[in-house]
Amino acid sequence: MPEGPSILILKELVQQFKHKTVAEATCNNKSLDASLLVDKRIIDFKSWGKHFLICFPKFTVRIHMMMFGTYRINTHTAKPPRLGLRFTDDTELNFYACQLQLITEPLDKAYDWQADIMSDHWSSRKAIKKMKADPDLLVCDALMDQHIFSGVGNIIKNEALFNARIHPESLVSALPPKKLTEMINEAVKYSFQFLEQKQAGTLKKNWKAYHKKECPRNHVPIIRKDTGKSHRTSFYCEVCQKLYK
DNA sequence: GCGGTTGTTCCCAT
DNA sequence: CATGGGAACAACCG
């Protein structure tokens, strides 16, 4: 479910609930007092990377799908939802296996919109500045850092590095400036391709490195390795992805 | 039944 | 105190 593009799809699908008033709200754990939402009107839906935001006049509900989060629109599953919303016109919106958080401060204070890779406010310059602050930073960790590349997940990381021909264990500080820019551009580009391919139902079939057996460029085996401080699996080609160190 | 996973946070040992 | 490992959580697939 997660990674930024999937959250944009969710945002699109729930537009029908914008401006609707919550008639009934339930939460199946203690993370949120659902009664706060009753009789409140949804004024907007926003997102920041993997965060999905339901905006009410005086507060925002943050939903993070983590690995396994799901949702149902105008239907529900047998299990009670983590967050269930029923509206005054009897439509419903349900979220499962997600993390909830109430945000009461202004959103502009809570979020750096320039860090959201799929936002109109995305700033490559700022990302470069953040990365250069750590001389030991590996590219695989940089791309997974939500403060730098909010919305990038393990799929986008691996596909972007493959497309940019950069080995995941390369040092950010060892990349020539042009190469660093290329990496960022590939991450942005693939994020939007991810969105289109997911909507078309062709996401998996277009993967070039992620969970692949061999490199589509030269047919040597794709390496699968636990990489970086983030210890997330990288899939890469040792032959065509250069190690900068 | 088990292992793996599009993610993150927290606890504890070092 | 910074770092890192492991656990915890959660759901589905093969």
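Everything numeric in this text was worked out from a predicted model, so none of it was measured.

### Structural notes on the UniProt feature "domain: Formamidopyrimidine-DNA glycosylase catalytic" (unreviewed entry) in chain A
The UniProt feature table records "domain: Formamidopyrimidine-DNA glycosylase catalytic" (unreviewed entry) at residues 2-94. End C-alpha to end C-alpha, residues 2-94 measures 16 Å, and it is 11% helix and 35% strand.

### Comments concerning the protein's contact with DNA strand B
Taken together, the neighbourhood of DNA strand B is formed by 16 residues, with Lys50, Met66, Tyr210, Arg224 and Arg232 sitting nearest. Backbone atoms, meaning sugar plus phosphate, form 67% of the atoms of DNA strand B positioned within 4 Å of the protein. Within the contact set of DNA strand B, a sugar or linking oxygen lies 3.2 Å away from a side-chain nitrogen or oxygen of Glu3. Residues belonging to the surface near DNA strand B are distributed by class as follows: seven nonpolar, five polar and four charged.

### Structural notes on the sheet that holds strand E5 (residues 70-73)
The four strands lie next to each other as E1-E6-E7-E5, forming an open sheet whose pairing is antiparallel. In this open sheet, the two strands that pair with only one neighbour each are strand E1 (22-27) and E5. Ignoring strand direction, the axes of neighbouring strands in this sheet form an average angle of 10 degrees. Strand direction decides the pairing type here: strand E6 (residues 83-87) and strand E7 (residues 92-96), joined by four bridges, are antiparallel.

### Side note on the protein's contact with DNA strand C
Taken together, the residues surrounding DNA strand C are Phe68, Ala97, Lys229 and His231. Between a phosphate oxygen of DNA strand C and a side-chain N or O atom of His231, the distance comes to 2.7 Å. Classifying every residue of the surface near DNA strand C gives two nonpolar, one polar and one charged.

### Regarding the side chain of Asn163
For Asn163, the position within the fold is in helix H5 (residues 154-164). Only 3.1 Å separates the side chain of Asn163 from the side chain of Lys208, close enough to count as a polar contact. Not counting residues up to four positions away in its chain, the partners in contact with Asn163 are Glu182, Glu186, Tyr190, Lys208 and Arg217.

Thresholds applied
Residues numbered from 1 in each chain as written. Chains lettered and ligands numbered in written order. Predicted model: local features only at pLDDT ≥ 70, side-chain atom pairs only at ≥ 80, totals over all residues. Heavy atoms only, no water. UniProt positions renumbered as here; feature names shortened; annotations may be inferred. Helix = DSSP H or I, 4+ residues; strand = E, 2+ residues; numbered from the N terminus. Near = heavy atom within 4 Å. Polar contact = N/O pair within 3.5 Å; in protein donor to acceptor, adjacent residues only side chain to side chain. Nonpolar A, V, L, I, M, F, W, Y, C, P; charged D, E, K, R; others polar. Pairing = 2+ DSSP bridges. Axes fitted to C-alpha atoms, helices over the stretch in contact; angles between N-to-C directions. Contact = heavy atoms within 4.5 Å.

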